[in-house]
Amino acid sequence: ACRVGSEMFIRDSSSFNKKYYIFIKVKDGQSLEKLFKRKFDMIEKLASSSEINSENIQKMEKLYNSSLHKYGIVKYDAFEDMGGKLSFVLALLDKDNTGFLLNAIHSRENCFLYIKEIVNGESYIMLSDEEVEALKRAMNFGIEESEFDI
């Protein structure tokens, strides 16, 4: 019984060895070991790239959070005798609604440019109706279109 079992084992292992040899050979003659090594090297490169990308995203978030990326603009006629809405207010704010208002007032002879500081969505100086509107537009900038939570 032991002899029969050992003959079957040798015959089965010989068949297994042939199948294993066929399995580890790839069609272009490269071994499966080389293929695995290439794939593992590729995985290591992807992991490294992913880490670099995460670091870059963090840097971009810092830059984004400190930039003036919210804006609102209102064009208006500063004087009744002038048309064309040449005067305007431009509000530029960061994520905390801190920034400034630029108010350009055009007349027939001159153009005056005023700047007002905005801190947390508020001004310490009285704002005109146009400035209030520009500030509201800037503070609400991107609320409807926001796809990302940054």
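Residues numbered from 1 in each chain as written. Predicted model: local features only at pLDDT ≥ 70, side-chain atom pairs only at ≥ 80, totals over all residues. Heavy atoms only, no water.

Trainee: Now, about the overall build of the protein chain: what can you tell me, with residues and values included?
Mentor: Check the secondary structure of the protein chain and you find three helices and four strands. What you see in the protein chain, going N to C, is helices and strands ordered as α-α-β-β-β-β-α. Relative to its 150 residues, the protein chain shows a buried fraction of 18%. Split by element, the accessible area of the protein chain, about 12,200 Å² in all, is 59% carbon and sulfur. (Helix = DSSP H or I, 4+ residues; strand = E, 2+ residues; numbered from the N terminus. Buried < 20%, exposed > 50% of the residue type's maximum accessible area, 1.4 Å probe, protein only. Areas by Shrake-Rupley, 256 points an atom, 1.4 Å probe, with all protein chains shown as cover.)

Trainee: Can you break down the side chain of Asn103 residue by residue, with the values?
Mentor: Position of Asn103 relative to the elements: it lies in strand β3 (residues 99-106). Classification of Asn103 by relative accessible area gives buried; the value is 5%. There is a polar contact of 2.6 Å between the side chain of Asn103 and the side chain of Tyr76. A polar contact is formed between the side chain of Asn103 and the side chain of Glu131, at a distance of 3.1 Å. Not counting chain neighbours up to four residues away, the residues in contact with Asn103 comprise Tyr76, Phe88, Val89, Phe112, Leu113, Tyr114, Ser128 and Glu131. (Polar contact = N/O pair within 3.5 Å; in protein donor to acceptor, adjacent residues only side chain to side chain. Contact = heavy atoms within 4.5 Å.)

Trainee: Run through the pattern of salt bridges, naming residues and quoting values.
Mentor: For the structure shown, the criterion picks out four salt bridges. Taking the shortest distance from any N to any O, the salt bridge between Lys95 and Asp96 comes out at 3.2 Å. Taking the shortest distance from any N to any O, the salt bridge between Arg137 and Glu133 comes out at 3.0 Å. Highlighted residues: Arg137 and Glu133, both in helix α3 (residues 129-139), separated by four residues, approximately one helical turn. Taking the relative accessible area as the measure of exposure, Arg137 reaches 41% and is therefore partly exposed. For Glu133, a relative accessible area of 32% translates into the label partly exposed. (Salt bridge = Lys/Arg side-chain N within 4 Å of Asp/Glu carboxyl O.)

Trainee: If you had to explain the pairing of β3 to someone new, which residues and values would you point to?
Mentor: Alignment of strand β2 (residues 87-93) against β3, held across six bridges, turns out to be antiparallel. Its bridge partner being in β3, Val89 is matched across the sheet by Asn103. The antiparallel hairpin formed by β2 and β3 contains five residues in its connecting segment, where Asn97 sits at a positive phi of about 60 degrees. As paired strands, β3 and strand β4 (residues 111-118) are joined by eight bridges and run antiparallel to one another. Within β4, the residue paired with Phe100 across the bridge is Glu117. (Pairing = 2+ DSSP bridges.)

Trainee: Run through the sheet that holds β3, naming residues and quoting values.
Mentor: In spatial order, the strands read β1-β2-β3-β4; together these four strands make up an open sheet with antiparallel pairing. Every interior strand has two partners, whereas the edge strands, β1 (70-76) and β4, have only one. Sheet twist, expressed as the mean angle between neighbouring strand axes with direction ignored, is 10 degrees. Strand contacts of α3: β1, β2, β3 and β4, with the helix running at about 150 degrees to β1, the strand carrying the most contacts. (Axes fitted to C-alpha atoms, helices over the stretch in contact; angles between N-to-C directions.)

Trainee: Would you mind going over the nonpolar core in detail, with residue names and values included?
Mentor: Counting residues in hydrophobic clusters, the biggest one holds 11 residues: Val74, Tyr76, Val89, Ala91, Leu93, Leu101, Ile105, Ile118, Ala134, Leu135 and Ala138. Those elements that provide at least two residues to this core are β1, β2, β3 and α3. Those residues within four positions of Leu101 in sequence are excluded, and the remaining contacts are Val89, Leu90, Ala91, Tyr114, Ile115, Lys116, Ile118, Leu127, Glu131 and Leu135. (Core = buried A, V, L, I, M, F, W, Y, C linked by side-chain atoms within 4.5 Å.)

Trainee: Describe the side chain of Asn97, naming the residues involved and giving the relevant values.
Mentor: In this fold, Asn97 is placed in the loop between β2 and β3. Here Asn97 is in contact with Lys70, Ile118, Val119, Asn120, Gly121 and Met139, once residues within four sequence places are set aside.

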